[in-house]
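# Analysis of the macromolecular model
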Amino acid sequence: MRQGRPDSTRLRRPAHVAYRRDGRWGHGLRCRISSIPSTTNLPSSLQKPRQVARAVYLKRSISSQQQPWRRRFSPSLIGVSMNSLLDPLSLPDFPSLTPRAIEAALDEGIAAHQAVIADLIARRPENFADLWLPYERAETMLDALWSGVSHLQAVADTPELRAAYVAGEERLVANRMAVSQSRELYDLFAALVATPGFADLPTNDRVAVERAIRNFMLSGVALDAEAKESFGAISVELSSRMTAFGSAVLDATDAWFAHITDEAELVGIPAADKAMFARAAASRSLPGWAVTLQQPSVNAVLTFAENRDLRARVYQAYGTRASDQGPHAGQFDNSARIARILELRHEAAALLGFTDPVALSLATKMATDAEEVLAFLRDIARRAKLSAERELAELREFAADALGIMDLEPWDLAFASNRLRADRYAIDEQRVRAYFPVEKVLAGWKRLLNDLFGIRLRLRDDVPLYHPDAHYYDVADDDGVVIAGLYVDLHAREGKRGGAWMDQARSRLADGNAVGLPVAYLVCNFAPTGGETPSLLSHKDVITLLHETGHALHLLLTRVDRPSIAGTSGFEWDAIELPSQLMEDFAWDRAILKGMSGHHDTGEKLPDSLFDRMVAARNFQSAMLLMRQIEFSLFDILLHLGTLGSDPIEVIEAVRDEVAVVRPPAWHRFPHAFNHIFAGAYAGGFYSYLWAEVLAADGFQRFVEAGLIDRATGDALRAEIFSRGASRPAAESFRAFRGREPDPAVMLRRRGLVDEVAA
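Conventions adopted
Residues numbered from 1 in each chain as written. Predicted model: local features only at pLDDT ≥ 70, side-chain atom pairs only at ≥ 80, totals over all residues. Heavy atoms only, no water. Helix = DSSP H or I, 4+ residues; strand = E, 2+ residues; numbered from the N terminus. Buried < 20%, exposed > 50% of the residue type's maximum accessible area, 1.4 Å probe, protein only. Contact = heavy atoms within 4.5 Å. Areas by Shrake-Rupley, 256 points an atom, 1.4 Å probe, with all protein chains shown as cover. Core = buried A, V, L, I, M, F, W, Y, C linked by side-chain atoms within 4.5 Å. Pairing = 2+ DSSP bridges. Axes fitted to C-alpha atoms, helices over the stretch in contact; angles between N-to-C directions. Expected span 1.5 Å × (residues − 1). Bend = angle between axes of the 7 residues up to and from the residue. Polar contact = N/O pair within 3.5 Å; in protein donor to acceptor, adjacent residues only side chain to side chain. Lys, Arg positive; Asp, Glu negative; His and termini not counted. Salt bridge = Lys/Arg side-chain N within 4 Å of Asp/Glu carboxyl O. Parallel < 35°, antiparallel > 145°, perpendicular 65-115°, else oblique. Left-handed = near helix turned anticlockwise from the far one by under 90°. Phe/Tyr/Trp six-rings, centres within 6.5 Å; stacked < 30°, edge-to-face > 60°. Lys NZ or Arg CZ within 6 Å of the ring centre and 35° of its normal. pLDDT = per-residue confidence, 0-100.

### Details of the overall build of the chain
The helix and strand tally for the chain stands at 27 helices and 12 strands. Of all 759 residues assigned to the chain, the portion counted as buried reaches 64%. Expressed as a percentage of contacts within the chain between residues at least 6 apart in sequence, the contacts between residues at least 24 apart total 74%. Entry remark: accessible area of the chain is about 25100 Å², with carbon and sulfur atoms responsible for 51%.

This is the structure in structure tokens:
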């Protein structure tokens, strides 16, 4: 994960037992998480399912009219006359997703879902086709609706849509809790596993049922009636609080802007960024320029603005969003929400027999316990901290000698770092961006996907969309057969949550005459389009695009037909960043990067000399960035353990005492906008970025050993990791691809910390 990623890139959140999607595959993915209680009563084969991720992502699909290669989902499959918004074989009809239509479809969907469950309990079927498939159909029906609603609320929010989303999600959580705590339904699945024919079922079918049994246990099905009621109420409230947290961050982000009327205040800022500011002002019917808290705007000011006062203003406004500090102090304050979210998580963990939320989180991850995670993080910190301190000392010296900044403050870091990088490596970030207009990047990106995996993206113009920035592609294989679909939405705007993420729109499924292919949302927040200068991407933006592409490929190239374990669904959370971080490293190849470039004025490819300097600077300040990542990861674990108390400011300060190299001001409120853990999937699991980087760094070496752009290696990655989903443990999939266990030293070498490998 790179600098800024806690807000800029994330995986969509697993609500406790909710239909939701924030915690975005940051690099990002909104998801539904089956609640995770004690495994005491699980069958021995399911005890401590370390290789099973707890996130069960929203399952989604495509329309027969829009996609003739898919068979129509028949309403008779669930025994009801189906609202088209509930059709899991239709793409989301975004123009039809009005608040009134959402409510009506939800009424029908929940009633149909409840009817299916009641019928199963009454009939007590004893085989897979009669028990599992109706259950799965009912699940995918609701997911078909909520995938579109939740995505729309993330990328095109309005007060009316938000109200419909909040109300609908509360109902879905309550319905999910009622189902997941049904002892009668649990007993049916347990009886199915015990039948003589169960062992003869295809592996994917068996794993799907076994995971369902585990998730019933982890949802409190074994609790007594009073505890079930408490757990259900906790789940509903927790879902609501997490949604409110993310909404407060979005509102705080959109509420602030600095109106600039004197261009002299913008000295140093590139023309393309000033044009972005001018468009932001014009959208508010203002003259001059408007600096907002959208990520491209913040990055432009902190990196390039010579106006130190402007940098400080933007840093403070951004660093105090949704808190008790800063220009909107108290207005969107997440303080009470953080306290209540933590309280609810501890209550839920206790009810399920866990000592704390971290133990609950790790119940379905690769890591064994909190001690293992803390040791992992502190070992990396020990190896990297001295290097980080040296990097900061060098920056302070440069800032004083070359820039006249004697008291280097946090709002000076990006500016001074950019100048030092330019001085040391002769790299002008403005010049680099000029070679990466978004259309050139996308053209090279498509070629890379074809070269590595034999897939082609075909733009469609007949799919309902929600904004002009959004596009839809068919994903076709070598033989021209469409195997998946992909929404791409790359540019920042008001009403769109910050960051970059991949989310699941439809899952792959096969159910008799119902055949559905996977569809993904790939979302970024690059500089807006419009004006004479095209949207220009930084090299970090290119890396972000490839990161999200890795997540998308994990979903799109699955060959598992059971939605609950297909693609990214059910994959261990601390391995989920393996595909994404592996794909990042292709951004450091000369041929690939030149293929994604083309100067916006001349069309010239990225010069070799500039590429060489970029590679030389690849690990510039890498130790500082690594220590920042460790800081966030330790904060997450220690806050949820509760060993340092429950005040997020006290905990983050204690963590900084241990590992911080750069210390923000006392008024800084990073936790209040930490969507990853308070509105997302990473609570008790933010360490996953570093844990998975060990796998990704070593996995990428197989491409290096084969000459990098090697179709055979791409096919192996596709076959052994992408296609398998959660049908087998992530560790087993990695070994099948790499041929051995991962080598942890490769990750430190990837970061340029060669001397620290043997420390």
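### Comments concerning the nonpolar core
For soluble globular proteins, the rule of thumb is that nonpolar side chains tend to be buried together. Core analysis: the largest hydrophobic core is formed by 154 residues, its most contacted members being Trp445, Phe453, Leu486 and Phe586. At 13 residues, the largest contribution of residues to this core is made by helix α13 (residues 370-403). Excluding residues within four positions of it along the chain, Trp445 makes contact with Leu457, Leu486, Val488, Leu522, Leu545, Leu546, Thr549 and Met596.

### Structural notes on the sheet that holds strand β12 (residues 519-526)
As summarised here, the arrangement of the 5 strands in space is β6-β7-β8-β12-β9, forming an open sheet in which the pairing is mixed. Edge positions in the sheet fall to β6 (456-460) and β9 (501-506), since each of these pairs with one other strand and no more. Direction aside, neighbouring strands of the sheet carry axes that sit 30° apart on average. Both strand β7 (residues 470-476) and strand β8 (residues 482-491) contribute to a ladder of 7 bridges, which runs antiparallel. In the strand pairing of β8, Asp474 is matched with Gly485. Against the sheet, helix α17 (residues 539-556) contacts β7, β8, β9 and β12, and its axis sits at roughly 170° relative to β12.

### Quick look at helix α3 (residues 128-155)
Compared with the 40 Å implied by 1.5 Å per residue over 28 residues, the 38 Å span of α3 between its first and last C-alpha is a close match. In the structure, α3 departs most strongly from a straight axis at Trp146, where the bend amounts to approximately 25°. Among the 28 residues that make up α3, 26 are buried, leaving the element largely enclosed by the rest of the structure. Looking at where α3 begins, the residue whose side-chain oxygen comes 3.2 Å from the main-chain nitrogen of Ala129 is Asn127.

### Here's the deal with the side chain of Asp254
Tracing the backbone shows Asp254 in helix α7 (residues 225-255). It turns out Asp254 is buried and unbridged, and the closest side chain with the opposite charge, Arg162, is 6.5 Å from it. Of note is the side chain of Asp254, whose polar atom sits 3.2 Å from the side chain of Gln294.

### Observations regarding unusual backbone geometry
In this model, Arg124 sits at a positive phi of 55°, which is unusual for a non-glycine residue. Within the element layout of this structure, Arg124 appears in the loop between α2 (99-123) and α3. Classification of Arg124 as partly exposed rests on a relative accessible area of 44%. Even without a glycine there, the phi angle at Ala426 is positive, about 55°. Checked against the element boundaries, Ala426 lands in the loop between α14 (410-425) and α15 (429-434). Under the relative-accessibility criterion, Ala426 is labelled partly exposed at 48%.

### Regarding α2
In this model α2 runs 36 Å from its N-terminal to its C-terminal C-alpha over 25 residues, within 8% of the 36 Å that 1.5 Å per residue would give. For α2, the complete set of buried residues consists of Ile102, Ala105, Leu106, Gly109, Ile110, Ala112, His113, Val116, Ile117 and Leu120. At its buried positions, α2 is contacted by α3, α4 (159-180) and α5 (183-194). Arg124 sits one or two positions beyond α2 and adopts a positive phi of about 55°.

### Comments concerning the packing of helix α25 (residues 711-722) against helix α26 (residues 730-738)
Following both chains from N to C, one finds α25 and α26 inclined at 160°, their axes separated by 9 Å at the closest point. The angle between α25 and α26 places the two elements in the roughly antiparallel class. Helix-helix and strand crossings are classified by hand; for α25 and α26 the assignment is right-handed. Packed against α25, whose contacting residues are Thr713, Ala716, Leu717, Glu720 and Ile721, the element α26 presents Ser733, Phe734, Ala736 and Phe737 at the interface.

### Some points on the packing of aromatic side chains
This model, assessed by the stated rule, comprises 34 aromatic pairs. Arranged with centres 6.3 Å apart and planes meeting at 15°, the rings of Phe128 and Trp132 form a pair that is stacked. Taken together, the residues span about one helical turn, with Phe128 and Trp132 both in helix α3 at a distance of 4 residues. The pair formed by Phe128 and Trp132 is uniform in burial state, with each residue classed as buried. With 6.3 Å between their ring centres and 70° between their planes, Phe632 and Phe686 make a pair best called edge-to-face. With Phe632 in helix α21 (residues 622-641) and Phe686 in the loop between α23 (675-678) and α24 (688-705), this pair connects stretches of sequence that are 54 residues apart. Among the residues examined, Phe686 registers a relative accessible area of 0% and is labelled buried. Among the aromatic residues, those joined into a cluster by ring pairs are Trp573, Phe632, Phe635, Phe670, Phe674, Tyr682, Phe686 and Tyr689. A cation over a ring is seen here: Arg284 above Phe257, with NZ or CZ 4.7 Å from the ring centre.

### Examining the confidence of the model for the chain
Across the chain, pLDDT averages 89, with 89% of residues at or above 70. Scored below 50 in pLDDT, residues 1-77 makes 448 contacts in the model with residues more than four places away or belonging to other chains.

### Points about the side chain of Glu429
As for its placement among the helices and strands, Glu429 is situated in helix α15. Using a relative accessible area of 12% as the deciding quantity, one classes Glu429 as buried. Those residues in contact with Glu429 that sit more than four places away from it in its chain are Phe304, Asn418, Arg421, Ser538 and His539.

### Focus on the environment of Arg628
Summarising the element assignment, Arg628 is placed in helix α21. Taking the C-alpha atoms as reference, Arg628 lies 7.0 Å from Ala660; in sequence the two are 32 residues apart.

### A few points about the environment of Phe453
If you trace the backbone, Phe453 turns up in helix α16 (residues 438-453). Given the relative accessible area of 0%, Phe453 is considered buried. For Phe453 and Ala716, which are 263 residues apart along the polypeptide, the C-alpha to C-alpha distance reads 9.4 Å. Once you skip the residues sitting within four places of it in the chain, Phe453 turns out to touch Asp477, Leu553, Leu557, Met583, Arg711, Gly714, Leu717, Arg718 and Phe722.

### With respect to the pattern of salt bridges
In this structure the tally under the stated criterion is 55 salt bridges. Across the pair Asp273 and Arg433 runs a salt bridge whose closest N-O atoms are separated by 2.5 Å. Taken together, the positions of Asp273 in helix α8 (residues 271-283) and Arg433 in helix α15 put the pair 160 residues apart, joining distant regions of the chain. Note that Glu653 and Arg663 form a salt bridge whose closest N and O atoms lie 2.6 Å from each other. You can see Glu653 sitting in helix α22 (residues 648-659) and its partner Arg663 sitting in the loop between α22 and α23, a full 10 residues away along the chain. Three or more residues joined by partner-sharing salt bridges are found here, namely Glu584, Asp585, Arg618, Glu693, Arg750 and Arg751.

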